[in-house]
Amino acid sequence: MTDLPATAQAVIIGGGIIGCSTAYHLARLGVDVVLIERHRLTSGSTFHAAGLVGQLRSSANITELLGYSVDLYDRLEAETGQATGWKRNGGLRLACNAERWTEVRRQATTARSFGLDMQLLTPAEARDLWPLMDVSDVVGAAYLPTDGQANPSDITQSLARGARMKGAVIAEQTEATGLRIEGGVIRGVETARGYIETPKVVVCCGQWTRSFAARYGVNVPLVSMEHQYLVTEPIAGVTPDLPTLRDPDRLTYWKEEVGGLVMGGYEPNPKPWAVNGIPEGFHFSLLDTDIDHFEQIMEQALGRVPALETAGIKTMVNGPESFTPDGNFILGEAPEQRGFFVGAGFNAFGIASGGGAGMALAEWVAKGAPPFDLWPVDIRRFGRPHRDTAWVRARTAEAYAKHYTMAWPAEEHASGRPNRRSPLYAQIAARGAVFGEKMGWERPNWFARPGEAARDVYTYGRPNWFGAVAREHRACREAAALFDQSSFAKFLLTGADAEAALSWIAAGDVAGPVGGLTYTQMLNDRGGIEADVTCARLSETAFYITTGTGFATRDFDWIARNILPEHRAELVDVTSAHAVLSLMGPRARDILSAVTADDVSNAGFPFGTARTIFVAGAPVLALRLSYAGELGWELHIPSEYAIAVHDALQAAGAPHGLADAGYRAIETLRLEKGYRAWAGEIGPDTTPIEAGLGWACRKTTPFKGKAALDALRGRPPAKRLATFTAGPDTVLLGRETIYRDGERVGYLASGGFGHTIGRAIGMGYLRHPPGVTTDWILTGRYELDVAGTRIPAEVTLKPLYDPDNLGLKS
């Protein structure tokens, strides 16, 4: 049994593929690391994983992370001398109807955007690669030659050997009994074999992670679900180079194994497991096979591979796996506890993710930040509803069931709703609101008129809400629109040093007078944009900060952890205290002046200021700004007054053409104006210089990230954000490939439609290593790859719609 060291720079708890990969990469970085496993390596869920390795995801960085796994697996066996079972035999994905074929063609475009070679095939060409299948219902297929498969246990043991070779200590049969935390600081790990002093703990315990983390106030939203597959005896015609196969319309996946086939799937009625806790001693353990439940998958599989009907079944596996509410895994440092890192919830693609996830998590532990933007898997993407296990289980069951269903644009979840509701929920529901959900909040996406179906009908073409959003968009441009944005995350930063603290964290100038309103980015040390917020100065010692609904946990964590020790300042989340109504449009002042005695003229209430006014007896914090590109105010209202203010605005707005509007109209409006969205066009990997936001950053006084930003000024960046338009029949969704003079130079970060200009709009970065100059951008001829078809496009660096619509002169 391995001797335990008394100290380590980091301790990993859990010896599956994620823990071993993290140990391997930490050791490569020179970190003194110990991995402890309470039983044997792979004994949790790794040993029964199916082992398919696919790369393409909807995020470029997660695709890059999975591509790193493939590159690592290519060389790992030669490096360690331990067999991995890895082979690049390629991966096929089938489409069996027109909508699925559209989805696959768009996925092929995404792959090209991300630099992957994804080939579109005819049914006959797909059958040539996979001769055992019946393709009579297949419309087309996609093939990724660099996908593959691995033996999960072998590849984990190879990573463990590589970690040991580089100095890591791996101790099996060593249970972590607890953490020692003093004064909010991790001091070490208690084990059944002794104490290890360490400042950093990396919890990679699979489906045990949620309960272990909860002991220390850390929320990890995952639950266990049963997952079944079968393994056949050898079948004639199955060769070692047979590609992996995903058949989403039949809910199944396949891979070759020792001359036979592995077949499993994602049923629409999944079975949660361990609802009352995981049994003690559950190591190298499987569940009883549920043949009745698996029958629905088997019936689908027989239609694809007739040989399965006569094949011998070597074994059936029912192994519980950890799944998450959004189908993405969980990485990063917990916002609740410094030094507590998590790598868990891999949704049955832990083998595909293992190499890259371990690399990224190791860099996060060693360097304090991930190697690139990992927002889709960042632990800080979760919030209040994710603390309730029943809510997490309901949403996770839905996500599991949708694993192979169509991934529709703008699709909403149905489970666990309604949960968090604005004080105005009943009022706007009665007015025809069709709701979406984010971070548990019910939010109006669009409004249906009497006689219109008040529900989303999903498609890759023009959706049923297109006309309603156009109506709301035009109302905002021509009269006025009222948006319920109560779900905004809202923070209060207070203290004697609040100004100094915020001036260090924010790149914009927040040190102005009371009543000042500042749109600002918050940067990392590379100059990347970690947060995109609005700060209102309420007093000499208080700032009111607003940010997007989905960024509540992340932005709070970023601000709180970057308050310097010498600054006397405290951050408090006040989201639930205020409802928000955004009144936008050229008639907004007429409407607001009808409900308040306060001066809301341009002279009395200039753009970029904040002050308290009274509406219907309510003290309202009014912020003069706009994300719609029109004259307007965000009205932040104490929650108990929200209904009274809403009703007063509706009554006053009726003669002026005031319309209800939702979040999908906000998206079309901001695209026309060229406003950026965090996690869309901007994020930790993009700088304000590249995003065209350099004007919002100070050039003199210091702030976090300023040195990196200064180094970029005065020379053209290697990438730069631009706006593209295409014909009115084009549907842009984001990730479409951008071609300049026939050469691939980037992809769209977002896409939509401009109802004022009558054209499709997309925003994306143009990449040119020698430097992206204005002249280089404007002299090119552009096309966009939309589902395999190149569409002519026009480029601009200016807003597509930009009259004096903010009312700056009147």
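Below you will find a few notes about this structure. On a predicted model such as this, the values are computed, not experimentally measured, just so you know. (Residues numbered from 1 in each chain as written. Predicted model: local features only at pLDDT ≥ 70, side-chain atom pairs only at ≥ 80, totals over all residues. Heavy atoms only, no water.)

Let us look at the sheet that holds strand S20 (residues 321-323). What the three strands build is an open sheet, ordered S18-S13-S20; its pairing is antiparallel. Edge strands, defined here as strands with exactly one partner in the open sheet, are strand S18 (272-273) and S20. Packed onto the sheet, helix H9 (residues 389-401) meets strand S13 (223-225), S18 and S20 and runs at close to 40° relative to S13. (Pairing = 2+ DSSP bridges. Helix = DSSP H or I, 4+ residues; strand = E, 2+ residues; numbered from the N terminus. Contact = heavy atoms within 4.5 Å. Axes fitted to C-alpha atoms, helices over the stretch in contact; angles between N-to-C directions.)

As a further point, take unusual backbone geometry. The omega angle of the peptide bond from Arg417 to Pro418 is -10°, so this bond is cis rather than trans. Relative to the helices and strands, Pro418 is located in the loop between H9 and helix H10 (425-430). Located in the positive-phi region is Ala348, a residue other than glycine, with phi close to 65°. Inspection of the secondary structure puts Ala348 in the loop between strand S22 (340-344) and helix H8 (350-367). Phi is positive for Ala679, close to 75°, though the residue is something other than glycine. For Ala679, the position within the fold is in the loop between helix H16 (663-673) and helix H17 (688-691).

Turning to its location among the elements, Ser224 is positioned in strand S13. Within polar-contact distance, the side chain of Ser224 engages the side chain of Gln207 at 2.8 Å. Those residues in contact with Ser224 that lie beyond four places of it in its chain are Gln207, Pro272, Trp273, Ile278 and Glu321. (Polar contact = N/O pair within 3.5 Å; in protein donor to acceptor, adjacent residues only side chain to side chain.)

This part covers the environment of Arg561. Along the polypeptide, Arg561 turns up in helix H13 (residues 552-561). Along the sequence, Arg561 and Arg338 sit 223 residues apart, while their C-alpha atoms lie 9.0 Å from each other. With residues near it in sequence (within four places) discarded, Arg561 still touches Glu333, Ala334 and Arg338. A polar contact is formed between the side chain of Arg561 and the side chain of Glu333, at a distance of 3.3 Å.

Time to look at the packing of helix H1 (residues 17-28) against helix H5 (residues 152-165). For the pair H1 and H5, interaxial distance at closest approach is 8 Å and the crossing angle is 25°. As judged from the angle between their axes, H1 and H5 are roughly parallel. Between H1 and H5 the crossing geometry is left-handed. From H1, Ile17, Cys20, Ser21, Ala23, Tyr24 and Ala27 reach across to H5, where they touch Ile155, Thr156, Leu159, Ala160, Gly162 and Ala163. A class-by-class count of the residues in the contact of H1 with H5 yields nine nonpolar, three polar and no charged. (Parallel < 35°, antiparallel > 145°, perpendicular 65-115°, else oblique. Left-handed = near helix turned anticlockwise from the far one by under 90°. Nonpolar A, V, L, I, M, F, W, Y, C, P; charged D, E, K, R; others polar.)

Here we come to the pattern of salt bridges. Applying the stated criterion across every chain yields a total of 51 salt bridges. Across the pair Lys402 and Glu411 runs a salt bridge whose closest N-O atoms are separated by 3.5 Å. (Salt bridge = Lys/Arg side-chain N within 4 Å of Asp/Glu carboxyl O.)

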